Structures are given as structure tokens and as C-alpha cells.
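Coordinate inspection notes
Each chain, written out:
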Amino acid sequence: GAACCVLGPEGSVYYAKQAGGRIVAPDDLFDVLIVADQTGFPFLEAIDAALSSLIRRIDAGGAVHLLLPNPDLIYPSPTGFGITSGSVALILEAALRLRYPRRDDLRFTALGKPEPALFAEAARRSGSSDMVMIGDQLATDIAGAQAFGIDSALLLGGVSADDGRLDTSSCRPTYLLHSLLS
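Values in this document were obtained by computation on a predicted structure and should not be read as measured data.

Check the secondary structure of the protein chain and you find five helices and ten strands. For the protein chain, the spread of C-alpha atoms along the principal axes amounts to about 55 × 35 × 35 Å. Pairs at least 24 apart in sequence give 54% of the contacts found in the protein chain among residues at least 6 apart. Of the roughly 10,400 Å² that the protein chain leaves accessible, carbon and sulfur atoms contribute 56%. The distance from the centre of the 14 positive side-chain charges to the centre of the 21 negative ones in the protein chain is 7 Å.

Another aspect to go through is the side chain of Q38. Tracing the chain through its elements places Q38 in the loop between strand 3 (32-35) and helix 2 (43-59). A polar atom in the side chain of Q38 sits 3.2 Å from the side chain of D37. In this structure the side chain of Q38 is engaged in a polar contact, spanning 3.2 Å, whose partner is the backbone nitrogen of S85. Those residues in contact with Q38 that sit more than four places away from it in its chain are F43, Y75, I83, T84, S85 and V88.

Turning our eyes to something else, we now look at the environment of P114. Checked against the element boundaries, P114 lands in the loop between strand 7 (109-110) and helix 4 (116-126). Residues P114 and G135, spaced 21 residues apart in sequence, show a C-alpha to C-alpha distance of 11 Å. With near-sequence residues (within four places) excluded, P114 lies in contact with P71, F119, A139, T140, A143 and G144.

Quick look at the sheet that holds strand 3 now. The pairing of strands in a sheet happens through backbone hydrogen bonds and is either parallel or antiparallel. Here five strands make up an open sheet; going across it, the order is 2-1-3-4-7 and the pairing parallel. Two strands lie at the open edges of the sheet, namely strand 2 (22-24) and strand 7, each paired on one side alone. As defined by bridge partners, strand 4 (residues 65-68) adjoins strand 7 across two bridges and the pair is classed as parallel. Directly across from L68, in strand 7, lies its bridge partner A110. Across the sheet, helix 2 lies against strand 1 (3-7), strand 3 and strand 4, angled at about 150° from strand 1, the strand it touches most.

So, about the packing of helix 4 against helix 5 (residues 138-148). Helix 5 packs onto helix 4 with a crossing angle of 65° between their chain directions and a minimal axis gap of 9 Å. It follows from the interaxial angle that helix 4 and helix 5 lie roughly perpendicular. Handedness of the helix 4/helix 5 crossing: right-handed. In this structure, helix 4 uses P116, F119, A120 and A123 to contact helix 5, whose residues at the interface are D141, G144, A145 and F148. Partitioned by chemical class, the residues of the contact of helix 4 with helix 5 number six nonpolar, one polar and one charged.

Scoring rules and cut-offs
Residues numbered from 1 in each chain as written. Predicted model: local features only at pLDDT ≥ 70, side-chain atom pairs only at ≥ 80, totals over all residues. Heavy atoms only, no water. Helix = DSSP H or I, 4+ residues; strand = E, 2+ residues; numbered from the N terminus. Contact = heavy atoms within 4.5 Å. Areas by Shrake-Rupley, 256 points an atom, 1.4 Å probe, with all protein chains shown as cover. Lys, Arg positive; Asp, Glu negative; His and termini not counted. Charge placed at Lys NZ, Arg CZ, Asp CG, Glu CD. Polar contact = N/O pair within 3.5 Å; in protein donor to acceptor, adjacent residues only side chain to side chain. Pairing = 2+ DSSP bridges. Axes fitted to C-alpha atoms, helices over the stretch in contact; angles between N-to-C directions. Parallel < 35°, antiparallel > 145°, perpendicular 65-115°, else oblique. Left-handed = near helix turned anticlockwise from the far one by under 90°. Nonpolar A, V, L, I, M, F, W, Y, C, P; charged D, E, K, R; others polar.

Written out as C-alpha cells, the structure reads:
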């Protein structure tokens with residue numbers, strides 16, 4: 001029943017509704033801001049409106065919850081790279097730190113990888129913890145699998161470059177894949 005502003009496409013709005021959220025526009029006062037995706041809404045206008053609503057809410061003494069289903073920062077695309085919802089959340093957090101430098105609580109709660117709940121749910125649904133996480137990002141995909149105690153396969157060539165710059169000293173995948181094909 002909480003008033004939820006969802007930045008993302010209709011599919012993300014659907015999930016927020018399924019969780020019991022009451023969807024409101026970015027310029028309305030809301031209890032929860034969900035940065036679900038970087039697409040599916042007028043980007044700059046929605047970010048500006050959501051930030052203004054956040055500041056109004058906080059200045060009035062209201063509590064607000066910040067949720068981030070996917071903390072990835074970039075993604076590979078056929079034409080290069082793009083920013084993701086994780087980058088949008090960092091922008092909003094930086095703006096809130098400028099406005100409220102003594103407030104350490106104005107941070108997004110990550111719901112997706114590398115958080116263990118995602119992996120626990122996958123194990124529950126599959127009925128086994130004998131799993132392998134395949135991903136292209138060390139900080140989320142591989143670190144999450146490692147923290148949960150399952151094997152991981154890093155797909156090279158996307159976000160993780162296959163050109164000698166990859167540093168796996170703090171987070172080492174079980175397998176390295178150069179392709180998902182044969």
C-alpha cells in the first residue's frame with residue numbers, strides 16, 4: 001500500500017504493483033523510490049521530478065525508502081555501452097549527499113545481485129544449490145555467486161574486457177568464458 005514511484009518500463013511497474021505498491025508519478029510525494037531500469041520513462045524529466053519530490057519529502061520530515069533491483073553500473077550493447085539503473089541510483093545518492101551531508105541513511109537498498117537473497121531464491125526455486133552463475137560483471141555477478149558459495153562463470157568481452165586489464169585478484173570466477181556459443 002505504500003506510494004511507489006517506479007523509474008522503469010511497464011514491466012517494472014507491474015512488479016511493484018504485484019508487491020502491493022500504489023504507483024504514483026515522479027512529481028508526486030512517495031514513500032518508496034524504485035530505480036528499476038534506465039529506460040521506459042522520460043529520463044531527465046523523471047529524474048529531476050523524483051529528486052525534487054525526494055527533497056520535499058525529506059525536508060518535511062518524511063521517511064523515504066530507496067530500492068534498487070539491479071546495482072550494475074554499465075551494460076554492453078550492440079553499439080557500445082550504456083548506463084544502467086545502478087548509475088541512476090548513484091546520481092541520486094550524490095545529489096542527496098550534497099543536500100544532506102550528515103544523512104548516511106539516504107542510500108539505495110540493492111535487491112539484486114550481489115545480494116544473497118537473489119541466489120537463495122534461485123536455489124529454492126530449483127530445489128538445489130548446485131548452480132553456476134554466468135555473468136559479465138565481477139562486482140555483481142561473480143562476487144554475488146562467490147559470497148553465496150556457488151560456482152561462477154565470467155563471460156569475457158562485454159563489461160569485463162578480455163584484453164589483459166581484468167583484475168580478478170579480489171574476486172576470482174570459477175570459470176572464464178570467451179563466448180556462450182559452443
